[in-house]
Number of protein chains: 2
Amino acid sequence: MITQAFTPISESGRNRLIQELSKKIGNPSDSVLNLVRSIGDDCAVVRSDHGRFLLYSTETYVEGVDFDLTYTPLTHLGYKMVSAAVSDILAMNGTPESLLISVAIPNKISTEMIHVLYEGLIRASDVYKAPIIGGDITASQGSLVISITVNGAVQEQSITYRSGAQIGDAICVTGDLGASYAGLRILLREKAVWGQEPVDSEFSPDLSEYEYVVKRQLLPEARTDLIDTLRTHGMVPTSMIDISKNALQDLMQVMVSSQKGAQLYEAAVPIALETRAMAEELEEDVVQYALQGGEDYELLFTLPEKDVNRLVNHFKDFVVIGRVTSKHEGFRMQLASGEEMQFDLEKLA
Amino acid sequence: MITQAFTPISESGRNRLIQELSKKIGNPSDSVLNLVRSIGDDCAVVRSDHGRFLLYSTETYVEGVDFDLTYTPLTHLGYKMVSAAVSDILAMNGTPESLLISVAIPNKISTEMIHVLYEGLIRASDVYKAPIIGGDITASQGSLVISITVNGAVQEQSITYRSGAQIGDAICVTGDLGASYAGLRILLREKAVWGQEPVDSEFSPDLSEYEYVVKRQLLPEARTDLIDTLRTHGMVPTSMIDISKNALQDLMQVMVSSQKGAQLYEAAVPIALETRAMAEELEEDVVQYALQGGEDYELLFTLPEKDVNRLVNHFKDFVVIGRVTSKHEGFRMQLASGEEMQFDLEKLA
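Note that the structure is a prediction, hence the values are computed from the model and not measured.

> What exactly am I supposed to notice about the pairing of strand β8 (residues 239–242) of chain A here?
For a regular strand, side-chain orientation follows a simple rule: the groups alternate between the two sheet faces. Residues and elements named next belong to chain A. The side-chain alternation of β8 yields two buried faces, one formed by Ser239 and Ile241 and the other by Met240 and Asp242. Sheet analysis places β8 next to strand β10 (residues 299–303), joined by four bridges and oriented antiparallel. Residue Ile241 lies in a different strand from β10, and its bridge partner there is Leu300.

The structure is reproduced here in structure tokens:
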């Protein structure tokens, strides 16, 4: 028997594995004429006709890893996954056009439950005007697994990569951060209190007090309103990403792709009152909710100062949280206390 | 507690669930101008510019359901999944252009194993000239799960649906059938003999005697050669499907979509000598291997008689296995014994 190397993914790290695989795959744009950008941004980008770029993104969600059916209603789950998929298209300044959805179904999930899941998927596909045009239904062992591919498009002159941030640009973010994580914290607390309910039972504690944060966790909305406003007024961000996993890591991705640094202002990070109340109740750090909680599906983007002044006339729901600096200045945050903190890019990656 | 209906998928059936969900999703082509065809064929079809149609297909493979790592080398698995994906594009008479691949990885699978899997994925993507342009890596509980979305294209005048078969057309199939299933049978027999080996050990019984059928199971090739020949000589099948799950069911799909019947000739079904030998050794019915075994990834298509005569001058690896008849004649097969058998469409569906 040959002894083989066995490095668990948890040890080498997901991001490192993605980097290694990307290198292995190589840069297909050398061989495929119309491929503009592949792995390393929110979407793959393929050139079509008349200056139109096609956008593709795919993501897989596994029960027990990415979602928990004990506190996630299936309609909400469907809606949330479509919001997350659409958010990747928006992060390229694009418009979602269609969805392909594959579902692998374990025995414990009934036909009725799949219908409920599809109600959420279809409702979101209506809201975002991205119809479900194909997919697959297959069996699974143990976990429900859902894969979503979203197709979109953007005009060449509007496409926004992670890599275009310029020194002096304002770092902006829509909405507020940390609410989704606050919602997750309260749901996890209630789950612990109520005990592990069977998957098909009604889990409905009174969460009306926490409505805002719970809704942000279970039914996030992708920020099409920002993209529509930018388009209407002919503005294009220099870089953009959506906040899916972790705001700090997402910002770091933009900085690394753009080969720039960043100066953040802690006091400027937008946090809702409901999120602050939740963190206080649980005696936790609300800034950590905001910067590392993830799943807010807000858009993080960089804009030249003059465009910030223009945008603010047409769109109110964003704030400036920092400035793009030169690469050698690193990634820093001025804390509310006045102190300055330096982030370790290696650790964030 | 509210008692809810619970119908297992196994009871209602996968095809029925897909039909129900398709009805629920509705026909998005009413709302989306450029959507030509959605659920119900091998690919979704979206109109692009200059008479070009874009093709999309997605599929999810779950360990323990769709593949077994005890006898499937990971390079082979990667190659096979890409062949299967590409085959869906070919079934529309299209050309594959790019792939998006998501992998959900359980703890038992190492970084090294994922690299090996990607070697297979990349090798196939090179062979089919369809680069991997995006994807996702995520964690899984228990099973390895792989989702592949394939993008392709075809000119409007060449697109081939399941629905175009005409009375009198020849029913043709490339290559030979049942070999993949014969390969599966021998691998399962060896697995039983060798016992359940751990996933990272070397499972390598001497299968050289069965090389052809084992290769057809583990490393199937999508039939780009047929599609290339049809294009070169300006021929377009009236209908087409790839043989993925079950040749009889696949043919039935074509007949139902086309609202036609079929007359098959058992003696004409192409079966390799190696497949016959295997079935004989296991004392099993080789015609069942061929017609219901699946995973051959051959192309099943219908052609007017005059085109059959033209095609045969340029492409040798296909045979005529029957004729398209009117719908009320049903789905029949003339057995080698001379008897005639009538298939129950309800049961096949």
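> Before we go on, may I ask you to explain the interface of chain B and chain A in this structure?
For an interface, size is often stated in terms of accessible area lost upon the parts coming together. Every contact between the two is made by 72 residues of chain B and, on the other side, 72 residues of chain A. Taking both partners together, chain B and chain A bury about 6100 Å²; carbon and sulfur atoms supply 62% of that area. Across the contact surface, chain B and chain A share four salt bridges. Residue A:Glu119 pairs with B:Lys24 through a salt bridge whose shortest N-O separation is 3.2 Å.

> Would you take a moment to explain the relation of the copies chain B and chain A for this structure?
One copy of the chain maps onto the other through a rotation about an axis plus a displacement along that axis. If you rotate chain B by 180° and push it 0.0 Å along the axis, it lands on chain A with an RMSD of 0.0 Å. These values place the two chain copies in the arrangement generated by a two-fold rotation axis. Comparing interface residues between copies, 100% of those in chain B also sit at the interface in chain A, which points to an isologous, same-surface contact.

> Can you help me understand the environment of A:Ala85 in this one?
All names here are of chain A. Along the chain, the position of Ala85 falls in helix α3 (residues 74–90). It is 20 Å that separates the C-alpha atoms of Ala85 and Leu248, two residues lying 163 residues apart in sequence. Not counting residues within four places of it along the chain, the set of residues in contact with Ala85 comprises Ile148 and Val150.

> Help me out: how do you make sense of the sheet that holds strand β1 (residues 35–37) of chain A in this one?
Sheet strands line up and pair through hydrogen bonds in the backbone, either parallel or antiparallel. Residue and element names in this part refer to chain A. What the six strands build is an open sheet, ordered β1-β2-β3-β6-β4-β5; its pairing is mixed. Among the strands making up the open sheet, the edge pair consists of β1 and β5 (132–139). Sheet twist, expressed as the average angle between the axes of neighbouring strands with direction ignored, equals 20°. Judged from the nine bridges that link them, strand β4 (residues 95–105) and strand β6 (residues 145–155) form a sheet pairing that is antiparallel.

> Any chance you could explain empty space enclosed by the protein here in plain terms?
The gaps left among the atoms become clear once a water-sized probe is rolled over them. Residue and element names in this part refer to chain A. As enumerated under the stated definition, the model contains three cavities of 30 Å³ or more in all. Roughly 40 Å³ of volume is contained in the largest cavity. If you go around the largest cavity, the residues you meet are Leu177, Ile243, Ala247, Leu248, Leu251, Leu264, Leu291, Leu300 and Ile321. The dominant element in the lining of the largest cavity, judged by the number of residues it contributes, is helix α8 (residues 247–258), at three residues. Taken together, the residues of the lining of the largest cavity break down into nine nonpolar, no polar and no charged.

Conventions adopted
Sequence order sets the numbering: in each chain, residues are counted from 1 along the sequence as written. Written order determines the labels here, with chains lettered from A and ligands numbered from 1. Given that this is a predicted model, residues contribute local features only at a pLDDT of at least 70 and side-chain atom pairs are listed and counted only at 80 or more, while totals for whole chains, interfaces and linings are drawn from all residues. Based on all heavy atoms of the structure, the side-chain values leave hydrogens and waters out of the count. Whether a residue is buried, partly exposed or exposed follows from its accessible area with a 1.4 Å probe, protein chains only, as a fraction of its type maximum: under 20%, in between, or over 50%, in that order. A run of DSSP states H or I qualifies as a helix once it reaches four residues; a run of E qualifies as a strand once it reaches two. Both are numbered from the N-terminal end. Only strands joined by at least two bridges in the DSSP assignment are considered to pair. Two residues qualify as a contact provided that any one of their heavy atoms is within 4.5 Å of a heavy atom in the partner residue. Summed over both partners, the accessible area lost on bringing two parts together, with a 1.4 Å probe, is the buried area. For this document, the term salt bridge refers to a Lys or Arg side-chain nitrogen within 4 Å of an Asp or Glu carboxyl oxygen. Only residues with pLDDT of at least 70 in both copies count here: their C-alpha atoms drive the least-squares fit that superposes the copies. To define axes, lines are fitted to C-alpha atoms, for helices over the stretch in contact only, and angles between the resulting N-to-C directions are given on a 0 to 180 degree scale. Definitions used for this entry: grid spacing 1 Å over protein atoms alone; cavity, a set of points where a 1.4 Å probe fits but cannot get out; pocket, an open set with protein on both sides within 12 Å along at least 5 of 7 lines; lining residue, one with an atom within 4 Å of a point. Grid points are joined across faces, edges and corners, and a volume is the space filled by probe spheres set on the points. Polar here means any residue other than Ala, Val, Leu, Ile, Met, Phe, Trp, Tyr, Cys and Pro, which are nonpolar, and Asp, Glu, Lys and Arg, which are charged; Gly is therefore polar.

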